[in-house]
Amino acid sequence: MIPLSVPSIRGNEWKYVKECLDTEWVSSVGSYVDLFEEKIAEYTGARFAISTVNGTAALHTALILAGVERDDFVIIPNLTFAATANAIRYQGADPLMCDVLPGTWQLDVDLLERWLESHTHYDGTVLRHSESGRRIQAIMPVHVLGNMADMDQLMTLAKRVELTVIEDAAEGLGSYYKGRHAGTIGELGALSFNGNKIMTTGGGGMLLTNDEALAARARHITRQAKTDPLEYDHDEVGYNYRMVNVLAAMGVAQLEMMETFLHEKQHIANIYTDAFKEVSSIFPQQKTDGVKANNWLYTIMCHQSRDLMKHLALNKIQTRPLWRPMNQLPMYKDLPYISEKDISRQLNDSCLSIPCSTNLKPEDQQEVIRQIQQFYR
Ligand SMILES: *Cc1c(COP(=O)(O)O)cnc(C)c1O
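What counts, and where the lines are drawn
Residues numbered from 1 in each chain as written. Predicted model: local features only at pLDDT ≥ 70, side-chain atom pairs only at ≥ 80, totals over all residues. Heavy atoms only, no water. Helix = DSSP H or I, 4+ residues; strand = E, 2+ residues; numbered from the N terminus. Buried < 20%, exposed > 50% of the residue type's maximum accessible area, 1.4 Å probe, protein only. Polar contact = N/O pair within 3.5 Å; in protein donor to acceptor, adjacent residues only side chain to side chain. Contact = heavy atoms within 4.5 Å. Pairing = 2+ DSSP bridges. 1 Å grid on protein atoms, 1.4 Å probe; cavity = no way out; pocket = protein on both sides within 12 Å on 5 of 7 lines; lining within 4 Å. Points joined across faces, edges and corners; volume = space filled by probe spheres on them. Nonpolar A, V, L, I, M, F, W, Y, C, P; charged D, E, K, R; others polar. Near = heavy atom within 4 Å. Areas by Shrake-Rupley, 256 points an atom, 1.4 Å probe, with all protein chains shown as cover. Sits in = over half its atoms within 2 Å of the grid points. Salt bridge = Lys/Arg side-chain N within 4 Å of Asp/Glu carboxyl O.

Q: Can you walk me through the side chain of S5 in this structure?
A: Turning to its location among the elements, S5 is positioned in the segment before α1 (13–23). Using a relative accessible area of 15% as the deciding quantity, one classes S5 as buried. A distance of 3.5 Å separates polar atoms of two side chains, one belonging to S5 and the other to K265. Excluding anything up to four places from it in sequence, S5 contacts N196, K265, L297, C356 and S357.

If you want it as structure tokens, here you go:
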């Protein structure tokens, strides 16, 4: 089986993890957590980085910091992984889903802007959904597959109606918009180090911000909101969201490999893009102007995607469709969905991610290409 995208452990992971085990600093106190946070801050250019147990926890924490409360709405792209919407529900709020663009597969900011003009009112402090009267408190662009939305346009719009911008940059480590790293453009950003992401700690996440007060509060609530080093005093409901030292050790080692991973991902993407130029049934994802993408998961829009998926599976090649859009999931189907042409549904029907592990062998990649070309012949 040629897998879709698997971790690559070939740096200092063993060495750093062994050091944790040898010194018995395995849990939530230890030097690697601080070091990993420092290294991520340095890598992304964020002033502050706060580690979490996973990307979903980082998103949830960001929503708390953004003041999202029960019955609020938070705007998200309809095409995303369920964790984006679920994190909003953890706060008792609801996602307000907006369709995406057909070429870049990112939030359609023009469409959103038009909808906001006709369906909401802003009284100078609060943006409200006119029909329900509910507050719209934040917007969460998702950097789908490491590409990004038009962030200049999005930030301008958000500023005008005072929406806090939380970037779901779970897939965006190593991606840049006009020189700024994914997750550092809005007030808050969340990264993920889940097993399928460009680098991994097995499971893990990181909250990014340039705001010192937000960073301090993030640290506080992800570490049980304890106010005294000895006495068990807590000043609010806290969460046990901190990353543990063994996993941070792995993170430090994986981060050392990021330049290599990015280079390998780019190389794999180039070969696929070249090979599929001649295939009229395949359309690669277009990059938003100003984006330097990490090429995390190579995904094609194609004719007969599910038949192609079966053909490749029969030939021991693993692929994956793009997510079921949020407006089709039972938990969210009755909520507002901003859309004219339901591009999300079309993309879910026609997109397929194909093998692109950083350690993908050239002969395996050629086999994937050969099988896809054969399917369309
Ligand atoms: C992976 C992912 C998450 C969740 O991250 P975890 O670390 O798995 O909790 C959230 N949003 C998107 C878009 C993702 O791809």
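Q: Looking at this structure, I do not really get the sheet that holds strand β8 (residues 176–177). What am I missing?
A: Working definition: the strands of a sheet are paired by backbone hydrogen bonds and lie parallel or antiparallel to each other. Ordered by their spatial adjacency, three strands build an open sheet running β9-β8-β13, and the pairing between neighbours is antiparallel. For this open sheet the edge positions go to β9 (180–181) and β13 (291–292), each flanked by a neighbour on one side alone. Bridge analysis of β8 against β13 gives two bridges, and the strand direction is antiparallel. What sits directly across from Y176, in β13, is K292.

Q: Would you mind going over the layout of surface pockets with me for this structure?
A: To find the voids left in a structure, one rolls a probe of water-molecule size over its atoms. A volume near 550 Å³ is recorded for the largest pocket. What lines the largest pocket is a set of 30 residues, among which F81, N196, K197, W296 and W323 lie closest to the centre. Of all the elements in the fold, those that place two or more residues in the lining of the largest pocket are α3 (55–65), α4 (82–90) and β15 (320–321). Counting residues per element, the lining of the largest pocket draws most heavily on α3, which supplies three residues. A per-class count over the lining of the largest pocket returns 13 nonpolar, 13 polar and four charged. In this structure, the second largest pocket occupies an estimated 210 Å³ of space. Along its surface, the second largest pocket is lined by 13 residues, and A269, Q285, K287, N295 and Y298 are the ones closest to its centre. Residues that form the lining of the second largest pocket fall into these classes: seven nonpolar, five polar and one charged.

Q: Can you walk me through the pairing of strand β7 (residues 164–168) in this structure?
A: On a regular strand, each side chain points to the face opposite its neighbour's, so the side chains alternate between the two faces of the sheet. Within β7, five of the five residues are buried, leaving the element largely enclosed by the surrounding structure. The two faces of β7 match: T164, I166 and D168 on one face and V165 and E167 on the other face are all buried. As defined by bridge partners, strand β6 (residues 135–139) adjoins β7 across two bridges and the pair is classed as parallel. Residue pairing for β7: A138 is matched across the bridge by T164. Sheet topology places β7 next to strand β10 (residues 188–192); three bridges connect them, and they run parallel. Considered in β10, the bridge of E167 is made with G189.

Q: I would appreciate a short explanation of the site of the ligand in the present structure.
A: The environment of the ligand is made up of 15 residues, and the closest members are G55, T56, E171, S192 and K197. At 2.8 Å, a side-chain N or O of D168 approaches a nitrogen atom of the ligand. K197 has a polar side-chain atom sitting 3.2 Å from an oxygen atom of the ligand. Protein chains bury 93% of the 380 Å² of accessible surface belonging to the ligand in isolation. Because more than half of its atoms lie within 2 Å of the grid, the ligand is assigned to the largest pocket. Those elements giving two or more residues to the shell around the ligand turn out to be α3 and α4. A per-class count over the shell around the ligand returns four nonpolar, eight polar and three charged.

Q: Help me out: how do you make sense of the pattern of salt bridges in this one?
A: Where charged atoms of side chains with opposite charge meet at close range, the side chains can pair. Going through the model one piece at a time under the given rule, you end up with 18 salt bridges. Close ionic contact of R47 with E212 constitutes a salt bridge, the shortest N to O distance being 3.9 Å. Of this pair, R47 sits in the loop between α2 (31–44) and β1 (48–52) while E212 sits in helix α7 (residues 212–221); the two residues are 165 residues apart in sequence, bridging distant segments of the chain. Taking the relative accessible area as the measure of exposure, E212 reaches 51% and is therefore exposed.

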